[in-house]
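# Observations on chain architecture
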Amino acid sequence: MIANYGYQDGSGEYYITIDTDRCIECEGRWCVGACPQSLFVIEADDYDDEVATIAEGARKKLKEKCAACKPAGGHESLPCIDACRPGAISHSW
Amino acid sequence: MPEETKEFWRWSEKVWRDESIDWRGSRAITAGIDVGSVSSQAVILADGRLYAYHSTRTGSNSPDSARKALNGAMAGADMSQEDIRYVVGTGYGRVNVPFANRAITEIACHARGANYMVGPSVKTILDMGGQDCKVIRCDEKGKVQNFIMNDKCAAGTGRGMEVIADALGVPIEDIGRRSFEIDEEPPPVSNVCTVFAKSEATGLLKAGWSVNRVLASYCAAMAERVSSLIERMSVEPDFFITGGIAKNEGVVRRIERIIGIEAVRLPADTVLDPQIAGALGAALFAHALLKKEQKASAQA
Ligand code: SF4
Ligand code: SF4
């Protein structure tokens, strides 16, 4: 499943996308430890697969939560994307 | 005698039951309960067939709303909660349905409910709920493949529509029709935010706009807002809209105009209602989970 968590507001679109099919076989769960804001949570989804999701309380605050990883001058990489070896994570901004 | 205050936002609550089914002869009675931020629904299935449903307004507390919805669906059927073998809760209040055997997200439930209502051809679902909206892509079995939600604010949602109904004194069920009784389509209101909607609507009336023109402008703004979410996902037909706003043609037809795809309409004589899609999906999950449990215990 492709899960898009986030929102759009007057300033832009802030979505984190997780390809949860890749999480099913993932042994490392690297996203959980890599994110300084603890945004990734491993949970059983509606079809009983253990996959990564974005913590419920953070879904409306992604712009602020990820701000430290995304300085105004731009960024070359993000801890979550670098850590996820199966390549399941992407950001819209 | 005190003057009755008219509540223009109040949509009609609904109860339906299939009198041709004798539920006592069924082996598996299951229920799905969708506790949304604005409305709550309960659907009861008898051996996987739609038996009854009830749609009501969500109160200040989720467990009570869940009970009220279920009691409404059971009313007149001489059924009690003990007769229901498996209950799935969904919606924003899903974790607060005390008697549910399991909670499942509204994303999975709307997809499954839409699949039941429209059939395997449904691929894209727009759920316009009370306080958020979601676009869901699913396979021919109603299993979610891709979803996006926009839950930042109540703009473009059922709650927003209720605020407008009250601000303009137009019964909510008349908004869609009246929004087309205009000479030409006005530009969308600049702000669909529920907090500002009321003052913007009043401002437009003062500026000489007719009520219908304000309604058109508001429906157009809502349609524009959700269309950008739909387009982010790309729509694969069949496209179906669930939730209360699916019944507002003023928004639906404007969405169709923007995205260039027609939404599937249920037949005029259907007993189904797009507002119960989440609860129906939950009840279908409940039926499948009960069968799985029964199979496991038979094997044990
Ligand atoms: S590291 Fe990547 S694949 Fe593994 S659980 Fe996290 S998001 Fe999923
Ligand atoms: S960008 Fe930083 S804060 Fe945001 S999800 Fe990735 S690791 Fe976490």
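Details of the structure are given in the entry above.
What counts and how
Residues numbered from 1 in each chain as written. Chains lettered and ligands numbered in written order. Predicted model: local features only at pLDDT ≥ 70, side-chain atom pairs only at ≥ 80, totals over all residues. Heavy atoms only, no water. Helix = DSSP H or I, 4+ residues; strand = E, 2+ residues; numbered from the N terminus. Rg over C-alpha atoms; globule rule 2.2 N^0.38 Å. Buried < 20%, exposed > 50% of the residue type's maximum accessible area, 1.4 Å probe, protein only. Contact = heavy atoms within 4.5 Å. Lys, Arg positive; Asp, Glu negative; His and termini not counted. Charge placed at Lys NZ, Arg CZ, Asp CG, Glu CD. Near = heavy atom within 4 Å. Nonpolar A, V, L, I, M, F, W, Y, C, P; charged D, E, K, R; others polar. Buried area = accessible area lost by both parts, 1.4 Å probe. Salt bridge = Lys/Arg side-chain N within 4 Å of Asp/Glu carboxyl O.

### As for the overall build of chain B
Regarding its fold elements, chain B presents 8 helices and 10 strands. The C-alpha atoms of chain B give 20 Å as radius of gyration, which agrees with the globular expectation for 300 residues (19 Å, within 12%). In terms of its C-alpha atoms, chain B occupies a principal-axis envelope of roughly 70 × 55 × 35 Å. Looking at the 300 residues of chain B, the share that counts as buried comes to 56%. Long-range contacts, defined as pairs at least 24 residues apart, comprise 69% of the intrachain contacts of chain B with a sequence gap of at least 6. The centroid of the 36 positive side-chain charges in chain B is displaced by 5 Å from the centroid of its 38 negative side-chain charges.

### Notes on the site of ligand 1
All names here are of chain A. The immediate surroundings of ligand 1 are formed by Arg22, Cys23, Cys26, Arg29, Trp30, Cys31, Ile42, Ala52, Cys84, Pro86, Ala88 and Ile89. Those elements that place two or more of their residues in the shell around ligand 1 are helix 1 (20-24) and helix 2 (30-34). Residue classes in the shell around ligand 1 are distributed as 10 nonpolar, no polar and 2 charged.

### Digging into the interface of chain A and chain B
In this complex, chain A contributes 18 residues to the contact, which on the side of chain B involves 23 residues. A combined buried area of about 1800 Å² lies between chain A and chain B, and 43% of that area is made up of carbon and sulfur atoms. It is Gln8, Asp46 and Tyr47 of chain A in chain A that bury the most area against chain B; as a group they hold 34% of the surface buried on that side. Connecting chain A to chain B are 3 salt bridges. With a closest N to O distance of 2.9 Å, Asp48 of chain A and Arg102 of chain B form a salt bridge. When residues of the side of chain A that touches chain B are assigned to their parent elements, the largest contribution, 8 residues, is made by strand 1 (residues 2-9) of chain A.

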